[in-house]
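# Observations on the three-dimensional arrangement
The lines below spell out each chain.
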Amino acid sequence: MSHNGVALRAVTRSVAFLTAGALAVTALSGCSSEEKRSKPLAAPDIAPAARSLVADGGTLHWAVDAVPETLNTFQSDADATTITVAQAVLPSMYRLDANGRPQADPDYLESAKVVETKPKQVVLYKLNQQAVWSDGREIGAADFAAQWRALSGKDSAYWTARNAGYERIEKIERGADDLEVRVTFARPYADWRSLFSPLYPKDVMGTPDSFNDSARKKLKVTAGPFTLKKVDRKDDEVILARSARWWGHPAKLDQIVLRAVPRDKRAAALAAGEIELAEVDPEALGRIGLAARAGATPGSSPLAGPGGLPAHGSGSNLGAADALRSWALAHDEDEEDADDELSARQKERKALAAYQREQAALKGFEIRRSLEPAYTQLALNGASGPLADERVRRAVARALDRKVLAGVVLSPLGLPAVPVGSHLALSGQDAYADNSGALGGQDTEEAQALLADAGWVAGGKVEKEKKEKKKGEKAAGAKGKKTEEEDDGTYVVGEDDKGDDKDPKDHPKGVDAPRHLAQDGKQYANKLRQGGAPGAYAPKGTAAPADAAKKVLAKNGKALALRFVLPSGPGSGTLRTVAGRISSMLEKVGIRTEISKVSDESYFKDHIASGEYDLALYSWPASAFPATDARPIFAKPVPAADGSLNVEQNYTRVGTDQVDQLFDRAVATLDEGKSRSLIRKADSRIWAAAGSIPLYQRPQLIAVKKDVVNAGAFGFRTPVYEDMGFLKKGGKGSGRPSGD
């Protein structure tokens, strides 16, 4: 998932989530209103520079995942590139700061506030008098009204993906003059700042036909520092050009070219000079880091010779062929074998030389890093099977050392390895509070006791049963090991060699911890029994079987084994590493996992959304408006008219009436402090239900040409496109992560 900053309203991504019982309000009240605000775990890293130091002109080539299918952010197939285009060319009443909090954008808005609450909530917008569309027409009430009607949900002819908030509006009218817009709500709406960001012109929103089709491939009318010049599907790029109609600070760049480049091709594209900015994976991070270190050392080479032989420079007495022969002979090969080795090595020379040229070119780039406004979670499918029992879900959660899991991903990247403490916000955002205490920290004995209370007995009788083959799967070989003829992507954890129990930071520098085995970190000193949610612990007196982890846990003749579904693509290595650690942690409390690797294309549609999994890893983007945007992710599934279960986006199928009620109260409460408190209470109940276990905030690694400034790893912050550019010769940016 790629994030360029974060949209005010997060685009729904396809990876892109039994009742908890009566919970005491005092135990789940979240943080008090007097508590200090949290801070982001990592600041934006964009090489900030004053506009006076940025050269005028130039084109920034920016790698994206794909040319968007639509340029309308309110349609179901909108993606991250759709958002990037909208941020650069369309108005937004609010933008996010470095803390992930909405701030009015003065280029469009002089002020916006609630001016009446009774009998109805009324918000008065005062627009910047210079704000005009690219056709010269003033931005005004007609545009607001057209967008409201299109997104209100009252006319099914509009193919909208979401209308949250707009359905609560009763009317929109002109204020005292053309610069004022009065919005009256039929029902109170706390997240009113989420609306009209972005704002499309009435030409797009005015009719169903124009909404459905006119903004899919082009945007004729815009109102931002850039205009949409061209969507080139032949060359897989979107071209944005500096707007002559823009009334704010003029864009420094002539153009921004958003070019579709596959993740595994980006390092080569950077080296070839085809792009200057790209989100990259940790493997590319290593290559660019190696090139940078080589470039910083006089006389060093970014690549060793074949077989580890030092590359020979022009001053060497050995030619390339002699070097290859000498390497072979040095490794106890006879002369004939050396000639064969020479032939094979000569074939590699071109590839090695090309790689070396790429490494030399990558010296001009650096990695800017922060944390994405998104978190990765372990999802537990509570619809059926062992995980339908809350006690089993809680046992899974109590078996996990989330700090270790965060460290596996973030510590090697130099990012803070702090587990995420909320489902509904991230550190730095207004609603954030660490409510994980409602469930409790890692505790092996407590996990085993919960399993025992749920009836899972160590060494219990297991009836033999023939494993049914699911569509597209093959049966695993004996003891979970694959046969030579079959590679089904499935294996049973528990047959592997054991790894160590060290946290990644405890390994010697340069020595990796085992990649697929877990470490059981130290138990929390405070078991969080005080103030914990009722039911989050096994009943007092329940003993944890001493040898539970050594024997198969069984109940009613069935062993406790969970199907852990993972994507198999090359970009999912981190998820598979985390899954291996989780599986080993679960094994220590007696829970076995069957790892099932499926194609990236089918992972979400055929497994997560359809509920064909027990455990899974996927991410959710953060939102500045959790009362609105998080509700469908955690809403209690309800039966549909056709007998199916309507889960909305709650793919764990775990929800409670109490959580739904808290969301409803939070979104209708205009007192910001009270609304925030209700959101934190809802989060505590979500923790206690144990359908979703937040693990870590996703890393954001951006490779950027060193002279590109005001761009890179934006974190929460909405990019300021008009300030991006290339540093003037002799200029110097701060080179340090920036806040607002």
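Up top is the structure these notes are about.
Residues numbered from 1 in each chain as written. Predicted model: local features only at pLDDT ≥ 70, side-chain atom pairs only at ≥ 80, totals over all residues. Heavy atoms only, no water.

Position of Asp264 among the secondary structure elements: in the loop between strand 10 (255-260) and helix 5 (266-271). Each C-alpha atom, one on Asp264 and one on Asp281, is 8.3 Å from the other, the two residues being 17 residues apart in sequence. (Helix = DSSP H or I, 4+ residues; strand = E, 2+ residues; numbered from the N terminus.)

For the rest of this paragraph, the subject is the packing of aromatic side chains. The relative placement of two aromatic rings is captured by the distance of their centres and the angle of their planes. What the rule picks out here adds up to 19 aromatic pairs. Centroid distance Phe144 to Phe196: 4.6 Å. Interplanar angle 45 degrees. Geometry classified as tilted. Of the two residues, Phe144 sits in helix 2 (residues 141-151) while Phe196 sits in the loop between strand 7 (180-185) and helix 3 (202-205), which places them 52 residues apart along the sequence. Taken individually, Phe144 and Phe196 each receive the classification buried, so the pair is uniform in this respect. Clustering of aromatic rings is evident, with ring pairs tying together Phe74, Tyr94, Tyr125, Phe144, Tyr166, Trp192, Phe196 and Tyr200. (Phe/Tyr/Trp six-rings, centres within 6.5 Å; stacked < 30°, edge-to-face > 60°. Buried < 20%, exposed > 50% of the residue type's maximum accessible area, 1.4 Å probe, protein only.)

Glancing now at the packing of helix 9 (residues 390-399) against helix 11 (residues 444-453). Close contact between helix 9 and helix 11 brings their axes to 8 Å; oriented N to C, the two are set at 165 degrees. With respect to helix 11, the axis of helix 9 lies roughly antiparallel. The way helix 9 lies across helix 11 gives a crossing that is left-handed. Here Arg391, Val392, Arg394, Ala395, Arg398 and Ala399 of helix 9 come into contact with helix 11, specifically with Thr444, Glu446, Ala447, Leu450, Leu451 and Asp453. A per-class count over the contact of helix 9 with helix 11 returns six nonpolar, one polar and five charged. (Axes fitted to C-alpha atoms, helices over the stretch in contact; angles between N-to-C directions. Parallel < 35°, antiparallel > 145°, perpendicular 65-115°, else oblique. Left-handed = near helix turned anticlockwise from the far one by under 90°. Contact = heavy atoms within 4.5 Å. Nonpolar A, V, L, I, M, F, W, Y, C, P; charged D, E, K, R; others polar.)

Now for the pattern of salt bridges. Note that side chains of opposite charge can pair when their charged atoms are close. Per the stated rule, a full pass over the model turns up 32 salt bridges. Across the pair Arg182 and Glu116 runs a salt bridge, and its minimum N-O distance is 3.3 Å. Remark: Glu116 occurs in strand 4 (residues 109-116) and Arg182 occurs in strand 7; sequence separation between them is 66 residues. Among the residues examined, Glu116 registers a relative accessible area of 32% and is labelled partly exposed. (Salt bridge = Lys/Arg side-chain N within 4 Å of Asp/Glu carboxyl O.)

The peptide bond linking Lys118 to Pro119 adopts the cis configuration, its omega dihedral lying at 0 degrees. Here Ser197 and Pro198 are connected by a cis peptide whose omega angle stands at 5 degrees. A positive phi angle is found at Phe196, which is not glycine, with a value near 60 degrees. Notably, Ala690 is not glycine yet its phi reads approximately 55 degrees, a positive angle. With respect to the secondary-structure elements, Ala690 resides in the loop between helix 17 (672-689) and strand 22 (692-705).

Another aspect to go through is the nonpolar core. Formed by 105 residues in total, the largest nonpolar core has its most connected members in Met93, Tyr125, Phe196 and Leu240. The greatest single-element share of this core, amounting to seven residues, is contributed by helix 2. Leu240 has contacts with Val85, Ala88, Val89, Phe226, Thr227, Leu228, Lys229, Asp254, Gln255, Ile256 and Leu258, leaving out every residue within four places of it along the chain. (Core = buried A, V, L, I, M, F, W, Y, C linked by side-chain atoms within 4.5 Å.)

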